[in-house]
Every structure is written in C-alpha cells, then in structure tokens.
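Understanding the architecture of this molecule
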Amino acid sequence: MLVLEDGRTFRGEAYGSVGETFGEAVFTTGMTGYQETLTDPSYHRQVVVQTAPHIGNTGVNGEDDESRRIWVSGYVVRDPSRRPSNWRATGALDERLAVEGIVGISGIDTRALTRHLRERGAMRVGVSSIEHDPVALRERVLASPAMVGADLSAEVSTATRYTVEAIGEHRFTVAALDLGIKRNVARRLAERGVTTHIMPVSSTIDDLLAVSPDAVFFSPGPGDPATADHPVALAQAVMHRRIPLFGICFGSQILGRALGFGTYKLGYGHRGINQPVMDRVTGKVEVTSHNHGFAVDAPSDRPVQTPFGEVEVSHVCLNDGVVEGLRARDVPAFTVQYHPEAAAGPHDADYLFDRFVELIGDPSPSLSPTAIADTRNRGAA
C-alpha cells in the first residue's frame, strides 16, 4: 500500500524488501539508468516513482553504481521485469532492493500517481507491505519529516578524503566538497587530466587548501540548501581567495546562497534525463539530466551586483524559466543546476567540464562570453 500525505492511496504488490518506509514522493522521467538513479545520493530520503512503465529489464551489475549504496527511501514501479536479460547483469533489481532493505511497491498506476504529484506537488508518502489500514499509515506519513528544512548532506558525504587520479597526463588538482557526489563527476574530470580529492562536507578552508588545489568543486546532493550554512561560508572563503569554483545542482544552490541569493522549493522538482535548458551566452539548447527539488531565486533579466561583483544567470530551463546556472563576472566561479556528468543521460552538457578546466587555466579574469561560446561550440562539435 502507498499512501500520500493528502490521503490518496494506491494498492499494489510488494517489490524489493518487505517492510515500511517514508520519504518525499517524487517522479523521474528517465526511461533508462534506473541503477544510477537508485545509487544517486541526491535521492536520499525520497521515494522515487519511475514514470517509465517497465523497469528492471537489464538487471543490475557491479559497474553502474554512482555511489557506495542505494540511497532512495522507497521505489515505485508499474511493471517490474520478471527476469533480467543483459550480458552485463549480475543479478535482478528486486533482489538487489531486498538485499539493501529498500521497500518498494509494484503494479500500481504510476501514470495516475505522477499526474497527482504534478498537479498537487511533491509530498510526503508512506509505502508499506505490513500495514493494511490507510488511515493508520497516513498518520505516520504526517509524522515523518518534510524535505523543507532537511539538512542531509552530512548523511551522504564521505567520512574521509579519497582521491581519483587523472587519466594520462596530470594537468590540475581539484578539491571536491562531497555533498552527495556521483562517481561520474570525478571520471569526467579525470578524462581531462584532473586529479580530484573528494573531501568530507565538514571540511574547512584549511582542509581544502591542504591538497594545494588549482580549483574547488561543490557537488550535487540532497536536502534543503537553506540549511547548508557551513558549505555557504566555505564557498565564500574560496571566492575571497579567487580560487576557481564550479558547483553542480546542490552545489549550485550553495554558491547561489554564497553570492547573496535566496533559494526556494519547486512544486514537484526537475527529475529525469530530457529537460531542455538554454545556455544564454550561446543561445543553444541542451537536453539535460536533472535531479533537484530546490532552485536559486535570482533575476534572469539582468546582471546583479553582489558582494563578489556582478553575477548573471547563465542558463534557464525552457519548461518553466527556472534558473539553471550562474556565472560570476568578477571572480572565477560558475554553476549549473543540472547534471553535466549525466549518469545516465544525454551528454549535451559535457562541455561544462571543459569550461571548468579552461577556467582553471585562466582564472583571472573569469572566462569571457566569447571564450565561453568557443568552449560550448567545441563541445558540440
């Protein structure tokens, strides 16, 4: 049984682990990449609804995980595959969910559930294969914590520093603050000759400087950015030192706050691998991978004067006009709200890692619009 906080109830069959779980109900539109979705730390404390009806076809394997474990609180699918069929598969999805204690439900109308969330907004939910009374389950849903005000990055961050070495010739060193990082970020940087030191979220500016970084990266992650005061202060310390800085998703929201902007919760968020975003410098549209329920509140019609100089909105979502990227004009810092590492997903935005590397090579002044356009065009080519 699945019960939303507004009382809407769906009944199906247990999928994965038998038990009970609570979280924020969200939907993702990806038709592939369910293993990457499940192991993305940004989905921590969320019950993920897959809009694609048939899930589990390719099973699971030991290579496609984006972190050390499954992070979703619960999993909702319509028609689970009865058996995996793929040469890379080492097991079945439902078996993996059961082993890691992930409570799921199958056989429900996920289209109706998605439409409900799209119209009413993301909300708390309970999934139970042991409770038969929807009223009782709803009471526990209403007593569960909300996503607004949730400080979750410390729950998903690494406990100790570790390093991903550059592939081939070493060019630069990056200190990456782990707010919920995916493995593909470090892979993308390594392909460009970058050695990345992944640091705990509790790291201080001295901890970052101890690895002699050429640049700093703030990763994606879960939770409400309004609670992340320590990372905000750390981003400000980095910008005061004019160290090149790049933030993705939750990291973008952190940098937005560090620059003086507010953040807010979206109605049902952006999740999936088919979101259109415009790069306002080049005018080109990218099909992008998203996973965020919060956004930066910044005016997109003009540059804004901040304590760190002028900042402009560099990217916007064409579905709803949400800010999807910021670029500082006077310090070497920029952000994107979506996921250029795209695991799984389209690679239209892969050029942003090239932009980061070029910013490291020429941090003062930050890349001009002409240089950015050149980088984007080379990435497209």
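Since this is a predicted model, take the numbers as computed values, not measurements. (Residues numbered from 1 in each chain as written. Predicted model: local features only at pLDDT ≥ 70, side-chain atom pairs only at ≥ 80, totals over all residues. Heavy atoms only, no water.)

Glancing now at the nonpolar core. Nonpolar side chains in soluble globular proteins tend to be buried together. The biggest cluster of nonpolar side chains holds 37 residues, and the ones touching the most others in it are Val-216, Phe-218, Met-239, Leu-245, Ile-254, Phe-261 and Leu-326. For this core, the secondary structure elements donating two or more residues are strand 12 (172-177), helix 7 (205-209), strand 14 (215-218), helix 8 (229-240), helix 9 (250-258), strand 19 (309-317) and strand 20 (323-328). Sorting elements by how many residues they give to this core places helix 8 first, with 6 residues. Each residue touching Ile-254, except ones within four places of it in the same chain, is listed here: Leu-179, Phe-218, Pro-225, Ala-228, Pro-231, Val-232 and Ala-235. (Core = buried A, V, L, I, M, F, W, Y, C linked by side-chain atoms within 4.5 Å. Buried < 20%, exposed > 50% of the residue type's maximum accessible area, 1.4 Å probe, protein only. Helix = DSSP H or I, 4+ residues; strand = E, 2+ residues; numbered from the N terminus. Contact = heavy atoms within 4.5 Å.)

Axes are the key here: two packed helices are described by the angle between their axes and the distance separating the axes. Contact pair helix 8 / helix 9: the axes reach a minimum separation of 8 Å and the direction vectors enclose 70°. If you check the angle between helix 8 and helix 9, you find them roughly perpendicular. Remark: the crossing between helix 8 and helix 9 carries right-handed chirality. Each of Asp-229, Pro-231, Val-232, Ala-235, Gln-236 and Met-239 in helix 8 lies in contact with helix 9, whose residues at this interface are Ile-254, Leu-255, Arg-257 and Ala-258. A class-by-class count of the residues in the contact of helix 8 with helix 9 yields 7 nonpolar, 1 polar and 2 charged. (Axes fitted to C-alpha atoms, helices over the stretch in contact; angles between N-to-C directions. Parallel < 35°, antiparallel > 145°, perpendicular 65-115°, else oblique. Left-handed = near helix turned anticlockwise from the far one by under 90°. Nonpolar A, V, L, I, M, F, W, Y, C, P; charged D, E, K, R; others polar.)

Here the focus is the pattern of salt bridges. Here the structure, examined in full by the defined rule, presents 24 salt bridges. In this structure, Arg-120 and Asp-6 form a salt bridge, with 3.4 Å as the shortest nitrogen-oxygen distance. Of this pair, Arg-120 sits in helix 3 (residues 110-120) while Asp-6 sits in the loop between strand 1 (2-4) and strand 2 (9-10), and the two are 114 residues apart along the sequence. Note on Asp-6: relative accessible area 31%, which makes it partly exposed. (Salt bridge = Lys/Arg side-chain N within 4 Å of Asp/Glu carboxyl O.)

A few words now on unusual backbone geometry. Between Ala-343 and Ala-344 the backbone carries a cis peptide bond, its omega angle lying at -10°. Mapping Ala-344 onto the fold places it in the loop between strand 21 (333-336) and helix 10 (351-361). The phi angle at Arg-45 is positive, at roughly 65°, despite the residue not being glycine. Among the structural elements, Arg-45 can be located in the loop between helix 1 (34-38) and strand 5 (46-50). Owing to a relative accessible area of 22%, Arg-45 belongs among the partly exposed residues under this scheme. Positioned with a positive phi, Ala-342 is a non-glycine residue whose angle comes to about 45°. Structurally, Ala-342 is set in the loop between strand 21 and helix 10. Taking relative accessible area as the criterion, Ala-342 reaches 3% and is therefore assigned buried.

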